[in-house]
Amino acid sequence: MEGQEKLLEIHHLHKDYGNGAVLKDVSLDIHKGEVLVLIGPSGCGKSTFLRCMNGLEQIQSGEIRLDKEVITDPKTKWSEVRQKIGMVFQSYELFPHMTVINNILLGPLKVQKKEKKEAEKEAEQLLERVGLLDKKDAYPRQLSGGQKQRVAIVRALIMKPEILLFDEVTAALDPEMVREVLDVMLELAKEGSTMVIVTHEMQFARAVADRIVFLDGGEIVEMSAPEQFFTQPETERAKRFLDTLSFE
Ligand code: ADP
Ligand code: MG
């Protein structure tokens, strides 16, 4: 990744919810076009880390820059930053009383003040890409979990973010629906999207990642290419983590 442009820079990040540090001096650069997969045991701070990256959590110290601009500043307009840093959650977060297309159009129309016809066309193109154009007038309750998650991804993509954060987006899905969501993410990776992905799908992590970041106890313990990490982890903590997975 040397020589490539740094898109998101995280320097000495500390996060504490009030009963001990959750992230301890975490530093990480994410380059343009890079796919970074964040793995680690439950409770190690993965979600917190992603949430800090787009301002859903206040941090105690450290700094985050997006395109060189400091975004961890009291004056940061997070509504603007979040258009550049999209996030997809495990629980979809779709509005139940709105159709698929209206869920997707909310951001472009209300936040970005785009023209309706143009936004609709983009929404339809994106729905087509994830194989859901025929569901555009359906309500979330009429969709499967995998379909809802693909809609949530489209809702993030339509804002044309510079970077996308995914927090265990397949963890709540029935096994047969995991693949269709992972395939969309693999496709995005191939197209050069910059992404930070938290996942427990290790085969997928190995296939999609440029770099694996192993987080444990709120610290980055290891950071390496996927082949290296999965075949020759450097630390005892990473070895132990990988061992627990093979018993699942
Ligand atoms: P992970 O996503 O790796 O499972 P989390 O980031 O969710 O880990 O949690 C890291 C630690 O922070 C855990 O000990 C968790 O209990 C704690 N934590 C997470 N969210 C909150 C919160 N809103 N308030 C207090 N503690 C929290
Ligand atoms: Mg989590």
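This text gives an overview of the structure that appears in the document. Remember, it's a predicted structure, so these values are computed and weren't measured experimentally. (Residues numbered from 1 in each chain as written. Chains lettered and ligands numbered in written order. Predicted model: local features only at pLDDT ≥ 70, side-chain atom pairs only at ≥ 80, totals over all residues. Heavy atoms only, no water.)

Describing the pairing of strand 2 (residues 21-31)
As a reminder, the rule being used: What makes two strands pair is DSSP finding at least two bridges between them. Under the scheme used here, helices are H or I runs from DSSP no shorter than 4 residues and strands are E runs no shorter than 2 residues, and both carry numbers assigned from the N terminus.
Both strand 1 (residues 6-16) and strand 2 contribute to a ladder of seven bridges, which runs antiparallel. Bridge pairing links Leu-8 to Ile-30 in strand 2. Taken together, strand 1 and the strand that follows it, strand 2, pair antiparallel across an intervening segment of four residues, in which Gly-18 is found at a positive phi of about 120°.

Examining the pairing of strand 8 (residues 195-198)
Let me state the cut-off plainly: Per-residue accessibility, obtained with a 1.4 Å probe over protein chains only, is compared with the maximum for each type, and a residue is labelled buried under 20%, exposed over 50%, and partly exposed between these values. Assignment of crossover handedness uses the view with strands pointing away from the viewer, where a clockwise path from the first strand over the helix to the second indicates a right-handed crossover.
Of the two faces of strand 8, the one lined by Met-195 and Ile-197 and the one lined by Val-196 and Val-198 are each fully buried. Bridging between strand 3 (residues 35-39) and strand 8 involves four bridges; their strand directions are parallel. Note on strand 8: the bridge partner recorded for Leu-38 is Val-198. Crossover connection from strand 7 (residues 163-167) via helix 6 (residues 175-190) to parallel strand 8: handedness right-handed.

Thoughts on unusual backbone geometry
Positive phi values are uncommon outside glycine, yet Glu-93 reaches one of about 60°. For Glu-93, the location among the structural elements is in the loop between strand 6 (85-88) and helix 3 (100-111). You will see that Glu-168, though not glycine, has its phi angle at about 45°, which is positive. Positionally, Glu-168 belongs in the loop between strand 7 and helix 6.

With respect to the nonpolar core
Just so we agree on the cut-off: Take the buried residues of types Ala, Val, Leu, Ile, Met, Phe, Trp, Tyr and Cys, join any two whose side-chain atoms come within 4.5 Å, and each joined set is a nonpolar core. The contact criterion used is simple: two residues touch if any of their non-hydrogen atoms lie within 4.5 Å.
Ranked by internal contacts, the top residues of the largest apolar core, which has 54 residues, are Ile-39, Ile-153, Phe-166, Met-185 and Ile-197. Of all the elements, helix 6 adds the most residues to this core, at eight residues. Not counting residues within four places of it along the chain, the set of residues in contact with Phe-166 comprises Leu-50, Val-88, Ile-153, Met-185, Leu-188, Met-195, Val-196, Ile-197 and Val-198. Judged by nonpolar contacts, the second largest core, of 29 residues, contains Val-22, Leu-23, Leu-38 and Leu-165.

Concerning the sheet that holds strand 7
Operational definition: Structural elements are reduced to axes, namely lines fitted to C-alpha atoms, with helices fitted over the stretch in contact, and the angle between N-to-C directions of any two is expressed from 0 to 180 degrees.
A sheet is described by the order of its strands in space; here six strands give the open sequence 6-7-8-3-9-10, paired in mixed fashion. Pairing within the sheet leaves two strands with one partner each, and these edge strands are strand 6 and strand 10 (219-224). Between one strand and the next, the sheet's axes are offset by a mean angle of 20°, whatever the strand orientation. Pairing geometry for strand 9 (residues 211-216) and strand 10, over five bridges, is antiparallel. In the strand pairing of strand 10, Leu-215 is matched with Ile-220. Relative to the sheet, helix 6 contacts strand 3, strand 7 and strand 8, its axis offset from that of strand 8 by approximately 150°.

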